[in-house]
Amino acid sequence: MKSFLVKYIPFIFITIFFLFPIFIWIGNTLLESGNDYSLILFYWKPFRNTFYISILTSIFSVFLSYPIAFVWWSAKSKLLKIIISIGIFTPVTFGLLTRNYAWIGLLSDENLIKILSLNFEFLNDLLYTTKIVIIVMVYLFIPLSYFILIQGFQGINKTTIDAAISMGAEPSEILVKVIFPQTRRQVIIALFFIFSNSIGFYVTPKMLGGGKIDLVGNIIERYLILLGDFKSASIISLYLLIATIPLLLVAIINMLKIRT
Amino acid sequence: MRKHFLSFIIIVLFLGCTNQQNSKNCNVQLTVVSYGGGTYHQSHIDAFINPYKLYTGFKVNPIVWNAEYGKLKSMIQSRNVTWDVVEVTDAILKRGIKEGLFEKLSVFPDTSTFISGTASYYAVGNVYWGTVLAYNKKKYNNNVPSSWKDFWDVTNFPGRRALYDNPRGNLEFALLADGVSKDSLYPLDVERAFNKLDEIKPYIRAWWNDGTEPVQKILNNSIDISSAWSGRIFALGSSNKTIGYTWNDGALELDWWAVPKYSKEKIIASRFIAFASMPENMAKQAEMIGYGPVNELAFKYVNDSIKKHLPTYPLNWNKTFVINSDWWAKNEKVVLEKWLKWKSE
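Residues numbered from 1 in each chain as written. Chains lettered and ligands numbered in written order. Predicted model: local features only at pLDDT ≥ 70, side-chain atom pairs only at ≥ 80, totals over all residues. Heavy atoms only, no water.

*Asks:* Looking at this structure, I do not really get the overall build of chain B. What am I missing?
*Replies:* Helix and strand counts for chain B come out as 14 helices and 11 strands. Against the 2.2 N^0.38 benchmark of 20 Å for 345 residues, chain B shows a C-alpha radius of gyration of 21 Å, consistent with a compact globule. Along the first, second and third principal axes, the C-alpha set of chain B runs to 70 × 45 × 35 Å. Residue burial in chain B is summarised as follows: out of 345 residues, 57% are buried. Sequence separation of at least 24 residues holds for 73% of the intrachain contacts in chain B that already meet a minimum separation of 6. Element-wise, carbon and sulfur atoms account for 51% of the exposed surface of chain B, whose accessible area totals about 14,300 Å². Charged side chains of chain B number 41 positive and 33 negative; the gap between the two group centres comes to 4 Å. (Helix = DSSP H or I, 4+ residues; strand = E, 2+ residues; numbered from the N terminus. Rg over C-alpha atoms; globule rule 2.2 N^0.38 Å. Buried < 20%, exposed > 50% of the residue type's maximum accessible area, 1.4 Å probe, protein only. Contact = heavy atoms within 4.5 Å. Areas by Shrake-Rupley, 256 points an atom, 1.4 Å probe, with all protein chains shown as cover. Lys, Arg positive; Asp, Glu negative; His and termini not counted. Charge placed at Lys NZ, Arg CZ, Asp CG, Glu CD.)

So, in structure tokens, the structure goes:
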């Protein structure tokens, strides 16, 4: 009995405090009369933009954090490992708003940019565009992606590398044929995880996009906070929830350790 | 004057924490929510909240909100209301009364000297405030923009533009720029306004949400010309050499004090509102933020040099228009949805 509880307590906790409320919310929304399900068509551009931006964010985040995770894993010096860990996670402790404001300040501050001897016009024009929204979202997700990827790297069987070396493989071959396949699962999890997280983002697009980039999260915020129209906000949120179902499937498949 | 002095004494004597019999009232904590932060909130704190704390000894918690109607509504629906006094604009007040979000006031200030239409059973008016055309004086020193037609004129008045992220106000500005006269604005021709807005959209560098943004952005040279809440510019004081603004074509709105339903300190909230409606206190607020108090008696106490900056000063009042909150209360949802869709086009 005791071991059963210990093993399944996190699951029970999540079921009661997370799954139940979500099902109650879904049930309430679907059972309401007069629901306007065509909202996804009305706002198809924000939905499309959210989709594109989130896909790009997840791809670039994983792409950029993979080398960092690789260096961390293959580093022989403990000092280097510590420096990388601190470097990745310290910005996270500053909080979302601070980091967003830092980016805005960086792109508007003439003096700072001159000191870095960069082109001010180019950077200043970047502000309040879609490009910078993607750049900052990638920056915000790199720590998360790194964290997921190093789980994969830690699961690599070092003997496979020794075997490859002894068989005379080139370093690039080892990377592609031995290391990639063993981290593939975490790469996929990271991609789906970051995608599901970034589709709900509204603070960063609002601040860095100057209110010109409206993602689904911004639309929900307007309905919920400005209008107090909880029904429409719920319906749009349901569509977002549906978009996270692929992640759910990926997570379940991985949990059941199905070989793909 | 005597009437006011008498009501003042009554408020102080019957509420005072300084009275030993009322010592259990000292556990009262009143939460007063002002609309918008920054210098405007400061004007509330200095003119109303600190004096009230001083006279009654109550704890007052001054916070701000930015018209998060959904937050207020969900608080009331869950019967867990932590706010006691809320400052609301006309359109929100009308929507809120319809949805049963406000309590009728228990204590009524003397509103005989109030501008007509600025007091009701549910709320008492505070100020008329304005959204005006603001610009960087240094950039436009030869050619000063003076109307929304100029804002739309990107050839003669080039520059990076910003507008409030809400159709309310902007639709009216678009119609004014398109030649509609102030008297024939309502009911708004929404199609025409959006078509006019399409012209200026590519030149809008940013949409602002918070009252401090346009002022800050003009000061740090991110934006050259924008709509802005006049009081925030006024509050910069005489040291402001950068931001200029005009009352011409300005949009006025009325802010009210109201008490949310199920507030735990309904009666004391009403009394706070009565205190804030006294002419001397309203005059103090007007001197700090340059908004027009609705209590006409307050004008007696306002410094002459400041009077001409108030929106309710006749010369300014004639140049502006008042946003029709009835039209907005009826059409806000549909227009806002159109606005959200339009912004992403």
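*Asks:* Where do I start with the interface of chain B and chain A in this structure?
*Replies:* Interface size is often expressed as the accessible area that is lost when the parts come together. The partner chain A presents 25 residues to the 27 residues of chain B that form the contact. Of the roughly 2,400 Å² buried at the junction of chain B and chain A (both faces included), carbon and sulfur atoms supply 52%. There are three salt bridges connecting chain B and chain A. K343 of chain B is the partner of D214 of chain A in a salt bridge, and the nearest nitrogen-oxygen pair spans 3.3 Å. Between chain B and chain A we count 16 residue pairs in polar contact (both at pLDDT 80 or more) in total. When contributions to the side of chain B that touches chain A are tallied by element, the ones reaching two or more residues are α3 (69-77), β7 (204-208) and α14 (325-343) of chain B. For the side of chain B that touches chain A, the element with the most residues is α14 of chain B, which contributes seven residues. (Buried area = accessible area lost by both parts, 1.4 Å probe. Salt bridge = Lys/Arg side-chain N within 4 Å of Asp/Glu carboxyl O. Polar contact = N/O pair within 3.5 Å; in protein donor to acceptor, adjacent residues only side chain to side chain.)

*Asks:* What exactly am I supposed to notice about helix α4 (residues 90-98) of chain B here?
*Replies:* Each full turn of the α-helix corresponds to 3.6 residues, which orients residues three or four apart in the same direction. Inspection of α4 of chain B places D90, A91, I92, L93, R95 and G96 of chain B among the buried residues, and these make up the whole buried set. G100 of chain B sits one or two positions beyond α4 of chain B and adopts a positive phi of about 70°.

*Asks:* Can you help me understand the environment of R79 of chain B in this one?
*Replies:* Residues and elements named next belong to chain B. Note on placement: R79 falls in the loop between α3 and β3 (85-89). When its relative accessible area of 57% is taken as the criterion, R79 is described as exposed. Counting along the chain gives 184 residues from R79 to S263, while the straight-line C-alpha distance between them is 8.7 Å. A distance of 3.4 Å separates a polar atom in the side chain of R79 from a polar atom in the side chain of Y262.

*Asks:* What should I look at first to understand the packing of helix α9 (residues 158-166) of chain A against helix α10 (residues 171-198) of chain A in this one?
*Replies:* A pair of packed helices can be characterised by two numbers: the angle between their axes and the separation between those axes. Residues and elements named next belong to chain A. Two elements in contact, α9 and α10, have axes separated by 11 Å at closest approach and are oriented at 165°. Put simply, α9 runs roughly antiparallel to α10. With respect to the hand of their crossing, α9 and α10 are arranged in right-handed fashion. Where α9 approaches α10, its residues T160, I161, A164 and I165 are matched on the opposing element by I174, V178, I179 and Q182. Here the contact of α9 with α10 is built from residues that sort into six nonpolar, two polar and no charged. (Axes fitted to C-alpha atoms, helices over the stretch in contact; angles between N-to-C directions. Parallel < 35°, antiparallel > 145°, perpendicular 65-115°, else oblique. Left-handed = near helix turned anticlockwise from the far one by under 90°. Nonpolar A, V, L, I, M, F, W, Y, C, P; charged D, E, K, R; others polar.)

*Asks:* Sorry if this is basic, but what is going on with unusual backbone geometry here?
*Replies:* In most cases, non-glycine residues show a negative phi, while peptide bonds are predominantly trans. Residues Y186 of chain B and P187 of chain B are joined by a peptide bond in cis, for which omega reads -10°. Mapped onto the elements, P187 of chain B comes out in the loop between α6 (167-177) and α7 (190-200). Backbone geometry at Y128 of chain A places phi at a positive 65°, although glycine is not the residue there. Mapped onto the elements, Y128 of chain A comes out in the loop between α7 (120-126) and α8 (130-154). A relative accessible area of 5% places Y128 of chain A in the buried class. The phi angle at D249 of chain B is positive, at roughly 65°, despite the residue not being glycine. In this structure, D249 of chain B sits in strand β9 (residues 243-260). Since its relative accessible area comes to 9%, D249 of chain B is described here as buried.

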